[in-house]
Amino acid sequence: MPENIIEVKNVKKEFRTLKKKAGLKASLATLLSRKYKVIRALNGVSFEIKEGEFVGMIGPNGAGKSTMIKILTGILTPSSGKVTAMGLVPYESRQKYAQNVGVVFGQRTQLWWDLPVKDTFDLLRHIYSVPMDVYKENMKRFTEVLELDKYLHQPVRKLSLGERMRCDLAASLLHNPKIVFLDEPTIGLDVEAKFRIREFLKEQNRNGMTIILTTHDMGDIEELCPRTIIIDKGGIIYDGLTSKFRERVATQRALIVDFKEPSPKKIVLPSGAKIVNREGDRAVIGINIRKTTVAAVIKHVLSRYGVDDIATQEPSIEETIRKIYSEGI
Amino acid sequence: MALSQYTAIMLVRLKEQLTYRLDFIVGIVNPFIQLAVLWFIWAAIYNSSPEPIIGGFTFTMMMTYTAISVVMRSFMNPNTEYWVEEEVKTGSIAGALIKPLSYPMLCFSRDSGDVLSWLITKAPIILFAFIFLGIAGPVSLAFFLSLFLGYMINYTLVFITAMWAFWTAGYIWGMRLSRIIISELASGAIIPLSFFPIWSQNLLNMLPFQAVFSAPLLIYTGTIAGDAVLSSILMQLAWAATLSAIAYVLWRISIKRVVIQGG
């Protein structure tokens, strides 16, 4: 059995923010008397992660995932509770801990804005004291898998989001970190960039790297992470196998059908499928995949009605979480 | 080549500075304008005064003081307040905190990179002052030690101001402006402190600002000599130690308050 590499015990985090009302009068009032309110971002979170795991963390916006990641990376100090990772307390031995950790914040870059990407890589080699042979080997491999060669000599500010993200990912792994935290690394990326990044992460994980990923994309989780932790309102509401969670919860798919004119007045569907919404020529069909399959419903519809367009839709993370609340796991 | 972390940061910052061409040119021209303005003001003051010596300075001494002060001012201009403000405001400080670096040292090495780039942009004004204006060299070589201590004291003052960013969610423009105005006046950067009334001289001598400009400049012009030089340098050392300790404690407290803004 692999050892625990991260242990989180009953972590709470509170932020104090200034209460402000809109309007000039209220703004003047806050100059004189200030009222603060306490926001509890994490409300007693505990979990363990074993070496070599690939864990997905999901949850709606403002659920506390990012706060959790920032505590795990040592940037934020929890209000109470304790985190140990690789035998260190991240926020107490930040500098030492950082040497073996890689982090990507999808919404910001850690590359040096006005300089060619290569210069940032070179700087990181000095910052993490990466031996030259390791550096060269990593650079060669990353350049190949992430196809970086076209961007290496361009200033960062001239890169597109997808290009920059690939470079950021490479930058965070140059020093062979043992644990990697990825905070929404695929946000806003096109299919090609997503594919490259996923393949790259899979390979890193096979080589023994422990990876913790937050995302809004269920596709990332399903393809990469055997284990999922769902955080909502500052607490963990699910921690277990991704497949089990998927099977239990995600029993609904939506099928969006645009009928040819004139569209049928009444649509007959097989059992397990029903009309959720109907607007003109468009119908949204809800399918319970325990009772039937998406393919069977599509076949049924196509064989009976004239159809212009047909698309399937997966439930979003927000819908899935709502379902966990109403039905339990 | 394996450089120390902070040397590497300094060199990258130097490289980055050299990519802005217009900024580079403005940086060369700026001190010339400052020097010209001050030159005309002092010439007018000395021409209209019946005394050839004002506040212990002859016109030639005053011009040496002013020229060296203008050159010094262009080096005593760290960007740390601006960076810390920006990094706290946008939350990009996260990128610095995930690295195995000390944040204060990171700030200092970035500024050192800037100073290196200024050595290039300020070379013309230095050459101009010595060759065309006939400015004399330093009376005592202790000036260079005093200059270095002055730089360190100024840096810690800037760093201390920058720490306010953690307490105000990154808005320190007002603090920064106050710091600049106070230190311009109270340090003797523009007007030698001997021009002030005695009571305010006594007050200013108790503050750290005079250790930044006045102390090295008085050694340069030979206004103070002998034991006075030694005690001036000891005074600077004391300020450097005290302010560094304050800066360090403030940093330890402030970092605990960090909130990463913007997700």
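Residues numbered from 1 in each chain as written. Chains lettered and ligands numbered in written order. Predicted model: local features only at pLDDT ≥ 70, side-chain atom pairs only at ≥ 80, totals over all residues.

Novice: What's the story with the overall build of chain B in this structure? I'm lost.
Specialist: A tally of regular secondary structure across chain B gives 12 helices and zero strands. With the C-alpha coordinates aligned to their principal axes, the bounding extent of chain B is approximately 65 × 40 × 35 Å. Sorting the 263 residues of chain B into buried and exposed places 38% on the buried side. Contacts in chain B between residues far apart in sequence, at least 24 positions, make up 82% of those at least 6 positions apart. (Helix = DSSP H or I, 4+ residues; strand = E, 2+ residues; numbered from the N terminus. Buried ≥ 20, exposed ≤ 12 C-beta atoms within 10 Å, placed from the backbone. Contact = placed C-beta atoms within 7 Å.)

Novice: Quick question: what am I supposed to make of the overall build of chain A here?
Specialist: If you tally the helices and strands in chain A, you get 11 helices and 13 strands. Taken along its principal axes, the extent of the C-alpha atoms in chain A is 70 × 55 × 50 Å. In chain A, which comprises 329 residues, the share counted as buried stands at 37%. Counting contacts in chain A only where the partners sit at least 6 residues apart, residues at least 24 apart contribute 71% of the total.

Novice: What exactly am I supposed to notice about the sheet that holds strand β2 (residues 36-50) of chain A here?
Specialist: Residues and elements named next belong to chain A. Strand order in the open sheet made by the three strands is β2-β1-β4, with antiparallel pairing throughout. In this open sheet, the two edge strands, each paired with only one partner strand, are β2 and β4 (80-85). Taken over all neighbouring pairs, the strand axes of this sheet differ in orientation by 25 degrees on average, direction set aside. Sheet analysis places strand β1 (residues 4-18) next to β4, joined by five bridges and oriented antiparallel. Counterpart to Val 8 in the pairing with β4 is Val 83. (Pairing = 2+ DSSP bridges. Axes fitted to C-alpha atoms, helices over the stretch in contact; angles between N-to-C directions.)

Novice: Sorry, what's going on with the interface of chain B and chain A here?
Specialist: Accessible area lost upon the coming together of the parts serves often as the stated size of an interface. The partner chain A presents 25 residues to the 22 residues of chain B that form the contact. For the side of chain B that touches chain A, the secondary structure elements donating two or more residues are α1 (5-17) and α5 (93-97) of chain B.

Novice: What exactly am I supposed to notice about the sheet that holds strand β5 (residues 101-105) of chain A here?
Specialist: Pairing between the strands of a sheet is mediated by backbone hydrogen bonds and can be parallel or antiparallel. Residue and element names in this part refer to chain A. Read across the sheet, six strands follow the order β5-β6-β7-β3-β8-β9 without closing on themselves; strand pairing throughout is mixed. The sheet is open, and its two edges are formed by β5 and β9 (235-241), each paired on a single side. Sheet twist, expressed as the average angle between the axes of neighbouring strands with direction ignored, equals 15 degrees. Bridge count for strand β3 (residues 54-58) against strand β7 (residues 210-214) is four bridges, and the pairing is parallel. The partner of Val 55 across the bridge, within β7, is Ile 212. In the packing of helix α2 (residues 65-72) onto the sheet, contacts are made with β3, β6 (179-183), β7 and β8 (227-232), and the angle to β6 comes to roughly 150 degrees. The strands touched by helix α6 (residues 161-173) within the sheet are β5 and β6, with β5 carrying the most contacts at an inclination of about 160 degrees.

Novice: Just to check I follow, could you spell out α1 of chain B for this structure?
Specialist: Spacing of three or four residues puts side chains on the same side of an α-helix, whose turn is 3.6 residues. Between its first and last C-alpha atoms α1 of chain B spans 19 Å; for 13 residues at 1.5 Å apiece the expected length is 18 Å, and the two agree. For α1 of chain B, the full list of buried residues reads Gln 5, Ala 8, Ile 9, Met 10, Val 12, Arg 13 and Gln 17 of chain B. Next to the buried residues of α1 of chain B lie α4 (117-127) of chain A together with α6 (103-121) of chain B. (Expected span 1.5 Å × (residues − 1).)

Novice: Teacher, can you tell me more about the domain arrangement of chain A here?
Specialist: Once the domains are mapped, chain A shows domain 1 (4-247) and domain 2 (251-313). One C-alpha centre belongs to domain 1 of chain A, the other to domain 2 of chain A, and the line joining them spans 39 Å. (Domains from an automatic or database assignment.)

Novice: Before we go on, may I ask you to explain the packing of helix α8 (residues 142-162) of chain B against helix α11 (residues 214-221) of chain B in this structure?
Specialist: Between two packed helices, what matters for the description is the angle formed by their axes and the separation of those axes. All names here are of chain B. Two elements in contact, α8 and α11, have axes whose closest approach is 8 Å; the angle formed by their N-to-C orientations is 170 degrees. On the basis of the axis angle, α8 is roughly antiparallel to α11. Between α8 and α11, the contacting residues are Ala 142, Phe 143, Ser 146, Leu 147 and Gly 150 on the first element and Ala 215, Pro 216, Ile 219 and Tyr 220 on the second. (Parallel < 35°, antiparallel > 145°, perpendicular 65-115°, else oblique.)

Novice: Got a minute to help me understand the confidence of the model for chain B in this structure?
Specialist: Atom-level detail of predicted coordinates should not be read off regions where pLDDT is low. Overall, the prediction assigns chain B a mean pLDDT of 90, with 98% of residues at 70 or greater. At the level of individual helices and strands, chain B shows its lowest average pLDDT in helix α7 (residues 123-131) of chain B, which scores 89, and its highest in α8 of chain B, which scores 96. (pLDDT = per-residue confidence, 0-100.)

Novice: Before we go on, may I ask you to explain α6 of chain A in this structure?
Specialist: All names here are of chain A. Compared with an ideal rise of 1.5 Å per residue, which puts 13 residues at 18 Å, α6 spans 19 Å between its outermost C-alpha atoms and is within 8% of the ideal. With 10 of its 13 residues buried, α6 lies for the most part within the structure. Buried within α6 are the following residues: Glu 163, Met 165, Arg 166, Cys 167, Asp 168, Leu 169, Ala 170, Ala 171, Ser 172 and Leu 173. Where α6 is buried, its residues touch β5, α4, α5 (132-146), β6 and α7 (191-206).

Novice: Even after reading the chapter, I still don't get the pairing of β1 of chain A, so can you show me in this structure?
Specialist: Successive side chains on a regular strand alternate, one facing one side of the sheet and the next facing the other. Pairing of β1 of chain A with β2 of chain A, which is carried by 12 bridges, proceeds in the antiparallel orientation. Note on β2 of chain A: the bridge partner recorded for Arg 16 of chain A is Val 38 of chain A.

Novice: Just checking my understanding: could you explain unusual backbone geometry for this structure?
Specialist: The phi torsion of most residues other than glycine is negative, and most of the peptide bonds are trans. Residue and element names in this part refer to chain A. The linkage connecting Glu 261 with the following residue, Pro 262, adopts the cis geometry, with an omega of -10 degrees. Looking at where Pro 262 falls in the secondary structure, it is placed in the loop between β10 (252-259) and β11 (273-279). The phi dihedral of Ser 129 falls on the positive side, at around 45 degrees, and the residue is not glycine. Structurally, Ser 129 is set in the loop between α4 and α5.

Novice: Looking at this structure, how should I read the environment of Val 158 of chain B?
Specialist: All names here are of chain B. Inspection of the secondary structure puts Val 158 in helix α8. Exposure remark for Val 158: the 24 C-beta atoms within 10 Å place this residue in the buried category. On a C-alpha basis, the gap between Val 158 and Trp 83 in space is 11 Å, while along the polypeptide they are 75 residues apart. Those residues in contact with Val 158, other than ones at most four positions away along the chain, are Pro 78, Thr 80 and Glu 81.

Novice: When you look at the environment of Asn 277 of chain A in this model, what are you seeing that I'm missing?
Specialist: When you line up the elements, Asn 277 of chain A lands in strand β11. Separated by 164 residues in sequence, Asn 277 of chain A and Trp 113 of chain A place their C-alpha atoms 48 Å apart.

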